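Chain residues, written in single-letter form:
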Amino acid sequence: VERWFKTPWQTSAFRAFLSFSMLQAWFPKEAEIWNQPTWFLSALTFSNLTMPAILPAVAELSKNGLKKLFCALTAVSLLQKISYSETSRFHVHNVTKK
């Protein structure tokens, strides 16, 4: 399908690498180009790999520290939503009539 829109081979190869290595969740403009369910698997794999290292540090935080962490994670979440909203322009292709 990408060849119909004259996508360069380098871009297709990069998207294939991201999809097969489950790294596409970290590239917002490429996240859901090929396979939307693998985005979820990519994010889930990352969270499963990082939880054993992060949870002990979170458990030691004070109540004030937990509030600060909550605010920081909310801010990061909003930044993600803004960056992912940019991908909508990749899902609409202008096809001109000849």
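Thresholds applied
Residues numbered from 1 in each chain as written. Predicted model: local features only at pLDDT ≥ 70, side-chain atom pairs only at ≥ 80, totals over all residues. Heavy atoms only, no water. Helix = DSSP H or I, 4+ residues; strand = E, 2+ residues; numbered from the N terminus. Buried < 20%, exposed > 50% of the residue type's maximum accessible area, 1.4 Å probe, protein only. Contact = heavy atoms within 4.5 Å. Areas by Shrake-Rupley, 256 points an atom, 1.4 Å probe, with all protein chains shown as cover. Expected span 1.5 Å × (residues − 1). Arc of directions from axis to C-beta. Patch = residues over 30% accessible without salt bridge, like charges linked within 9 Å, V, L, I, M, F, W, Y side chains within 5 Å. Salt bridge = Lys/Arg side-chain N within 4 Å of Asp/Glu carboxyl O.

Colleague: Before we go on, may I ask you to explain the overall build of the protein chain in this structure?
Modeller: For the protein chain, the count of helices and strands is three helices and zero strands. Secondary structure of the protein chain in N-to-C order comes out as α-α-α. Burial status across the protein chain gives 17% buried among its 98 residues. Expressed as a percentage of contacts within the protein chain between residues at least 6 apart in sequence, the contacts between residues at least 24 apart total 29%. For the protein chain, the exposed area adds up to about 8000 Å²; of that, 69% sits on carbon and sulfur atoms.

Colleague: Please clarify how helix 2 (residues 36-59) should be interpreted in this entry.
Modeller: Residues lying three or four places apart along an α-helix face the same way, a consequence of the helix completing one turn every 3.6 residues. For helix 2, built from 24 residues, the straight-helix expectation of 34 Å at 1.5 Å per residue is met to within 8% by its first-to-last C-alpha distance of 33 Å. Those residues of helix 2 that sit buried are T38, S42 and T50. Check the buried side of helix 2 and you find it contacts helix 1 (9-21).

Colleague: Whenever I open this one, the side chain of S42 confuses me. Can you help?
Modeller: Tracing the sequence through the fold places S42 in helix 2. On the basis of relative accessibility, which here comes to 2%, the residue S42 falls in the buried class. Excluding residues within four positions of it along the chain, S42 makes contact with M22, L23, Q24, A25 and W26.

Colleague: Where do I start with helix 1 in this structure?
Modeller: With 13 residues, helix 1 extends 18 Å between its outermost C-alpha atoms, agreeing within 8% with the 18 Å of an ideal straight helix rising 1.5 Å per residue. Buried residues of helix 1: S12, R15, A16, L18 and S19, and no others. Down the axis, helix 1 shows its buried residues gathered within 165 degrees of arc, on one side only. Residues W9, Q10 and F20 are exposed on helix 1 and point more than 90 degrees away from its buried face. Taken together, the buried residues of helix 1 touch helix 2. Just downstream of helix 1 lies M22, where phi reads positive at about 55 degrees.

Colleague: Would you take a moment to explain a nonpolar patch on the surface for this structure?
Modeller: Residues F14, F17, L23, W26, F27 and F46 make up a contiguous nonpolar surface patch of about 580 Å² in total accessible area. Within the element layout of this structure, F46 appears in helix 2.

Bear in mind that shape data such as this cannot, by itself, settle questions of function.
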